[in-house]
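Listed here are the chains, written in short residue letters.
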Amino acid sequence: MKIASWNVNSLNVRLPHLLEWLKLQQPDIVGLQETKLDDPRFPDDALAAAGYRSVFTGQKTYNGVALVSKEPPGDVVTDIPGFDHEQRRVIAASYGDLRVINLYVVNGKAVGDEKYEFKLRWLEAVHAWIADELARHPKLVVMGDFNIAPDDRDVHDPAIWNADSILTSTAERAALKRLLDLGLHDSFRLHHDDGGVFSWWDYRAAGFRRDLGLRIDLLLVSDALRGKCIGAEIDREPRTWERPSDHTPALITLVS
DNA sequence: ATGGTAGTCTAACTA
């Protein structure tokens, strides 16, 4: 089965891209971030017509996450236990014995900013939640826009994206490592050692044309899924389409 | 060093 993560930066604008990509790739499960839609406006009818079930938790203008899938979801969670917050950034669901958590990690704005401090607190809460989920669901995928580039291979210029920069700072990377230390693996790195493969390019300064990107969209797989993850890719194509999201989909292939 | 773009919404915030 194929599982994907895509920050669509407004599902209202990007629905045609999503529908086209579902047709092309036929993924089984897709986690969306930054839908920027409140729940009554979520296009679940259009996705149902394309053969996909949807669960979602959204808000106007900002944030918003969803899971769309060919199989019906169960046991849906839309808040970090003990960390309820108005910002709609997490959704989890079960598909048989597979558990999927979809995250839109806080951006953080700049190192030292109050939003950065919130990012680190939020990641601590997510850590506790994932530890609990993993104890109950050995077959776990944690996907999303992590807003953290794991290491220097994942940035176009390590001099710019350094230990003091947002998305690459020491504390952010340490928080990601703490998640991985629970028994999760960056699926892309199970299959590729090369640098320069990115999932996000800034709209500004012709970032995509110049390939000034970062790899911040990740799918983490648990120990129990590690051997079943037979492929991990980033599909650059949707980023080449007209009026694209600034992110492009990341995906994995799992065998049962 | 600055500003560059996009989305939501028409002012300013977020990324």
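Structure shown above.
Because the structure is predicted, anything quoted here is derived from the model rather than measured. (Residues numbered from 1 in each chain as written. Chains lettered and ligands numbered in written order. Predicted model: local features only at pLDDT ≥ 70, side-chain atom pairs only at ≥ 80, totals over all residues. Heavy atoms only, no water.)

(A) Just the protein's contact with DNA strand B, in detail. With respect to spatial proximity, 16 residues lie near DNA strand B, and among them Ser10, Arg14, Thr61, Asn107 and Arg243 are the closest. Of what DNA strand B places within 4 Å of the protein, 73% of the atoms are sugar or phosphate. Here Thr61 contributes a side-chain N or O atom positioned 3.2 Å from a phosphate oxygen of DNA strand B. One of the side-chain N or O atoms of Arg204 is found 3.4 Å from a base oxygen in DNA strand B. A per-element tally of the surface near DNA strand B places helix H1 (residues 11-25) first, with 3 residues. (Near = heavy atom within 4 Å. Polar contact = N/O pair within 3.5 Å; in protein donor to acceptor, adjacent residues only side chain to side chain. Helix = DSSP H or I, 4+ residues; strand = E, 2+ residues; numbered from the N terminus.)

(B) Region of interest: the pattern of salt bridges. Under the defined criterion, the tally for this structure stands at 17 salt bridges. In this structure, the salt-bridge partner of Arg136 is Asp132, at a minimum N-O distance of 3.0 Å. Note that Arg136 and Asp132 are positioned in helix H3 (residues 114-136) at a spacing of 4 residues, about one turn of the helix. Linking Arg189 and Asp154 is a salt bridge whose minimum nitrogen-to-oxygen distance equals 2.7 Å. Here the residue Arg189 occupies a position in helix H5 (residues 187-191), and Asp154 occupies one in the loop between strand E8 (140-145) and helix H4 (170-180), the gap between them amounting to 35 residues. Take Arg189: its relative accessible area is 16%, and that puts it in the buried class. Overall, the relative accessible area of 0% leaves Asp154 in the buried class. (Salt bridge = Lys/Arg side-chain N within 4 Å of Asp/Glu carboxyl O. Buried < 20%, exposed > 50% of the residue type's maximum accessible area, 1.4 Å probe, protein only.)

(C) Main features of the pairing of strand E2 (residues 29-33). When you tally the buried positions in E2, you get 5 out of 5 residues, the bulk of the element. Chirality of the crossover, the property in question, places the unit of strand E1 (residues 2-7), H1 and E2 among those that are right-handed. Across 5 bridges, E2 lies against strand E4 (residues 65-69) in antiparallel orientation. Paired with Ile29 across the bridge in E4 is Ser69. (Right-handed = clockwise from strand over helix to strand, strands pointing away. Pairing = 2+ DSSP bridges.)

(D) Expanded view of H1. Given a rise of 1.5 Å per residue, 15 residues ought to cover 21 Å, yet the end C-alpha atoms of H1 are separated by just 18 Å, more than 12% below that figure. The largest bend in H1 amounts to roughly 30° and is located at His17. Listed as buried for H1 are Leu11, Arg14, Leu15, His17, Leu18, Trp21, Leu22 and Gln25. On its buried face, H1 sits against E1, E2, helix H2 (44-49), helix H7 (237-240) and strand E14 (250-254). Looking at the residues trailing H1, positive phi occurs at Gln26, about 50°. (Expected span 1.5 Å × (residues − 1). Bend = angle between axes of the 7 residues up to and from the residue. Contact = heavy atoms within 4.5 Å.)

(E) Highlighting the sheet that holds E2. Ordered in space as E3-E4-E2-E1-E14-E13, the 6 strands form an open sheet in which the pairing is mixed. Of all the strands in the sheet, just strand E3 (53-57) and strand E13 (229-234) have a single pairing partner and so form its edges. Averaged over all neighbouring strand pairs, the angle between strand axes comes to 15°, with direction disregarded. On the sheet, H1 packs against E1, E2 and E14 and is oriented at approximately 160° with respect to E1. (Axes fitted to C-alpha atoms, helices over the stretch in contact; angles between N-to-C directions.)

(F) Looking closely at the side chain of Arg88. Within the secondary structure layout, Arg88 lies in the loop between strand E5 (74-77) and strand E6 (90-95). Side-chain polar atoms of Arg88 contact the side chain of Thr57, separated by 3.2 Å. Residues within four places of Arg88 in sequence aside, it is in contact with Thr57, Gly58, Gln59, Asn63, Gly64, Val65, Thr78 and Asp79.

(G) Looking closely at the sheet that holds E6. On the basis of which strands lie adjacent, the open sheet formed by 6 strands has the order E5-E6-E7-E8-E12-E9 and mixed pairing. The two strands at the open ends of the sheet, each matched to only one other strand, are E5 and strand E9 (184-186). Strand-to-strand twist across the sheet, computed as the mean angle between neighbouring axes with direction ignored, equals 20°. Pairing between E6 and strand E7 (residues 98-104): 6 bridges, direction antiparallel. From the neighbouring strand, Ile91 faces E7, where its bridge partner is Asn102. Where H3 meets the sheet, its contacts fall on E5, E6, E7, E8, E9 and strand E12 (217-222), and the angle it forms with E7 comes to roughly 175°. Relative to the sheet, H4 contacts E9 and E12, its axis offset from that of E9 by approximately 125°.

(H) Inspection of the pairing of E6 at higher detail. Summarising burial for E6: 6 of the 6 residues are buried, a large majority. Burial along E6 is two-sided: Val90, Ala92 and Ser94 facing one way and Ile91, Ala93 and Tyr95 facing the other are all buried. When E5 meets E6, the two strands line up antiparallel, connected through 2 bridges. If you follow Val77 over to E6, its bridge partner there is Ala92. Linking E6 back to E7 in an antiparallel pair, the connection comprises 2 residues, with Gly96 at a positive phi of about 65°.

From the geometry alone we can't say anything about function, so treat these as descriptive.
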